[in-house]
Protein chains: 2
Amino acid sequence: MAAVLIRSGREPVENWVAVFNKVLPDVECRIWPDVGDRADIEYVVANQLPDGQFATFPNLKLVAGTRVGLEGLLNDESLPPHIPILRNTDRERAATMTAWVLYQVIRHHRHFEEYAVNQRSKAWEHLKYRPPQETRVGIMGMGNLGTTVARALSGLMYRVAGWSRTRKDIPGIESFAGAAELEPFLARTDILISILPRTPETENVLDAGRFAMLPKGAYVINCGRGTTLDEDALLAALDSGHLSGAALDVFKVEPLPQDSSLWNHPKIAITPHYSCSGRAVFGAEGIVDAIRKLRRGEALTGTVDRSQGY
Amino acid sequence: MAAVLIRSGREPVENWVAVFNKVLPDVECRIWPDVGDRADIEYVVANQLPDGQFATFPNLKLVAGTRVGLEGLLNDESLPPHIPILRNTDRERAATMTAWVLYQVIRHHRHFEEYAVNQRSKAWEHLKYRPPQETRVGIMGMGNLGTTVARALSGLMYRVAGWSRTRKDIPGIESFAGAAELEPFLARTDILISILPRTPETENVLDAGRFAMLPKGAYVINCGRGTTLDEDALLAALDSGHLSGAALDVFKVEPLPQDSSLWNHPKIAITPHYSCSGRAVFGAEGIVDAIRKLRRGEALTGTVDRSQGY
């Protein structure tokens, strides 16, 4: 009998088992580390397994991540390159991350921090803001999450553009693609949202040079990976007055060290890598769909381009 | 020549004139108070005119409000009852109010205030929140604005219901209608959003009795009209611990008086009646459309039911 090996993240593993037993009754669930007969394991649901494990499953057909970041799988050399890695397309993750991003964009655009200060001094004063259609939001990373965020902001009439490896055709969203179009993308962006994954190419992509390409007064939001942003360069760009502020959910080192200058910076809002969350009931949807396609011999969608690292 | 009389609000009147001249060149624009020949005035764009004015336009066919609230028109007895009053369906207003509401809902649901406190003490701690699908949002007032807000929240996977005079059929939004269904609507609502207009029926509809119908820990958001909410009852429900907090954009008296207990209440977030804003370029869209329909003899949509007061 085909089996799925499950190593759950924060979510109790019983929740994953319940979903799989219900919708794929002919696939046996094995809960890590109780692997059983390794020849049975055709599918693995995990974000990482100890070194060398993947090479011990002779009939492995699919690996599915439980989180958004897939570094733990992509960096595992025991995972044969022909095995597809399924990206997490959990609707709940996309919805909760979109909510986190909307909060940060609206808080900045609509001056909510200043209103909180005004409330303390009982000041009834309208603070002007640019109309949303004249507020240029730019999203770096236009996968499932980036696209969901872009659509939500466009629905609020923000002027949204996306930057990604390949050009995207999404109604109402301007598309910039590739290294050559990064500068014009940044130059037209008042509020920058990075949802980039961790890859060798994205390491410090947001550095002093890129911050300088943003217009003066731009605001930076990072909920992708901490590796993508040069924290010292961000602090310098904030302190010089070139950037107006930043909202960060991810950091070079997590938990963010107590001695980091980010914690108490007056222009930085910090949350502890919690922008999105998802549960098995939604995470399993895409995995079940992929397993069914594999069995029918159909092509998979939503898998990682391993040559690109995401 | 048919003329439109324009009395602008905050928006410079030139912006209205520019739009009308461009899309309705055969309608002359008259800017209040330069009315000219009163027999020419077929359309009025205004939120209010001095007492008795409306009765002086013998060929009046349509009055269009420039803001969301229409009290200034509905309470004017010189405005003949057969003249249709066009409700403002400005897309920009709906978008900016939706953004204001999303900010308040997400701020409460995702514990952003607590995260700001944690940042000050450098605490890296995940604060649990109910999944959005288990977070029951209820919207009172399901007109254009309420419906737009409902759809946006539903897109973020919140469990959304609306309460309105008549039942609404909106996919994914549970509909409660009429006085009899107000109690079950409130009983299932964790986050209450009131976008109700000012009418005799909505006066203090949110009072001690209604707050008691909400589950313990519910959160109240008001961006409709200040007249709809009993401020003393709200304070009592917050202080008893029955309600967990409130976000208010509108008040019984505006500007909110300096001696109001709302200002410094730790569980209340205040903004100065600024949840939405719109401009002539969008506000004129619906008016132009209505004028064209009138000229073709077609039925108007988006007009006020004057027997109901909104």
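Only a predicted model underlies this, so the values are computations on that prediction, with no experimental measurement involved.

Caption draft 1: Up close: the interface of chain A and chain B. Taken together, the contacts link 52 residues of chain A with 52 residues of chain B. Where chain A meets chain B, there are 2 salt bridges. On the surface where chain A and chain B come into contact, there are 24 residue pairs in polar contact (both at pLDDT 80 or more). Among the secondary structure elements, those contributing two or more residues to the side of chain A that touches chain B are helix H3 (91-109), helix H4 (112-120) and strand E12 (268-270) of chain A. No other element matches H3(A), which puts 12 residues into the side of chain A that touches chain B. Here the residues of the side of chain A that touches chain B sort into 27 nonpolar, 14 polar and 11 charged.

Caption draft 2: Spatial organisation of the relation of the copies chain A and chain B. Here chain A sits on chain B after a turn of 180 degrees about the axis and a move of 0.0 Å along it, with an RMSD of 0.1 Å. Here the two chains are linked by the operation of a two-fold rotation axis. Residue Tyr103(A) of chain A places its C-alpha closer to the rotation axis than any other residue of that unit, at 2.6 Å. A shared interface surface links the copies, since 100% of the contact residues of chain A are contact residues in chain B too.

Caption draft 3: Examining the sheet that holds strand E6 (residues 136-140) of chain A more closely. All names here are of chain A. On the basis of which strands lie adjacent, the open sheet formed by 7 strands has the order E8-E7-E6-E9-E10-E11-E12 and parallel pairing. The two strands at the open ends of the sheet, each matched to only one other strand, are strand E8 (174-177) and E12. Neighbour-to-neighbour, the strand axes of this sheet turn through a mean angle of 15 degrees, independent of strand direction. In this structure, E6 lies alongside strand E7 (residues 159-164), joined through 5 bridges in parallel fashion. Bridge pairing links arginine 136 to arginine 159 in E7. Here helix H5 (residues 144-155) sits on the sheet and contacts E6, E7 and strand E9 (191-194); the angle it forms with E6, its principal contact strand, is near 170 degrees.

Caption draft 4: Focus on the side chain of Asn222(A). All names here are of chain A. For asparagine 222, the position within the fold is in strand E10 (residues 218-222). The class for asparagine 222 is buried, based on a relative accessible area of 1%. A distance of 3.0 Å separates a polar atom in the side chain of asparagine 222 from the backbone nitrogen of glycine 224. Discounting chain neighbours no more than four positions away, the residues touching asparagine 222 are Trp100, Ser194, Thr228, Leu229, Ala247, Leu248, Asp249 and Val250.

Caption draft 5: Quick peek at the domain arrangement of chain A. Residue and element names in this part refer to chain A. Entries for chain A in the domain assignment read domain 1 (3-90 + 278-296) and domain 2 (94-270). Relative to domain 2, the C-alpha centre of domain 1 lies at a distance of 33 Å. Counting from both sides, the interface comprises 6 residues of domain 1 and, opposite them, 5 residues of domain 2. Of the roughly 460 Å² buried at the junction of domain 1 and domain 2 (both faces included), carbon and sulfur atoms supply 46%. Contact with domain 2 buries surface across domain 1, with Val68, Glu71 and Asp90 losing the most and accounting together for 64% of the total.

So, how was this worked out
Each residue is numbered by its place in its chain's sequence as written, counting from 1. To read the labels, note that chains go from A and ligands from 1, taken in the order they are written. Restriction of local features to residues with pLDDT of at least 70 applies here, the model being predicted, together with a cutoff of 80 or more for giving and counting side-chain atom pairs; totals for whole chains, interfaces and linings are based on all residues. To get the side-chain values, take all heavy atoms of the structure and skip hydrogens and water. Contacts are assigned to residue pairs that have any heavy atoms within 4.5 Å of one another. The term salt bridge refers to a pairing of a side-chain nitrogen on Lys or Arg with a carboxyl oxygen on Asp or Glu at a separation within 4 Å. Any pair of nitrogen or oxygen atoms within 3.5 Å is treated as a polar contact; in protein, a donor-acceptor pairing is required on top of that, and neighbouring residues in sequence qualify only through side-chain atoms on both sides. Secondary structure follows DSSP: runs of H or I at least 4 residues long count as helices, runs of E at least 2 residues long count as strands, and numbering of each begins at the N terminus. Classification used: nonpolar for Ala, Val, Leu, Ile, Met, Phe, Trp, Tyr, Cys and Pro, charged for Asp, Glu, Lys and Arg, polar for all others including Gly. The atoms used to superpose the copies are C-alpha atoms, taken from residues with pLDDT of at least 70 in both, and the fit is least squares. Following DSSP output, two strands are said to pair if at least two bridges run between them. Lines are fitted to the C-alpha atoms to define the axes, a helix being fitted only along its stretch in contact, and any angle between axes, read from their N-to-C directions, falls within 0 to 180 degrees. Burial status follows relative accessibility: with a 1.4 Å probe on protein chains alone, a residue under 20% of its type maximum counts as buried, one over 50% as exposed, and anything between as partly exposed. Here the limits of each domain have been adopted from an automatic or database domain assignment. Values labelled buried area give the accessible surface lost by two parts on being combined, using a 1.4 Å probe and summing over both.

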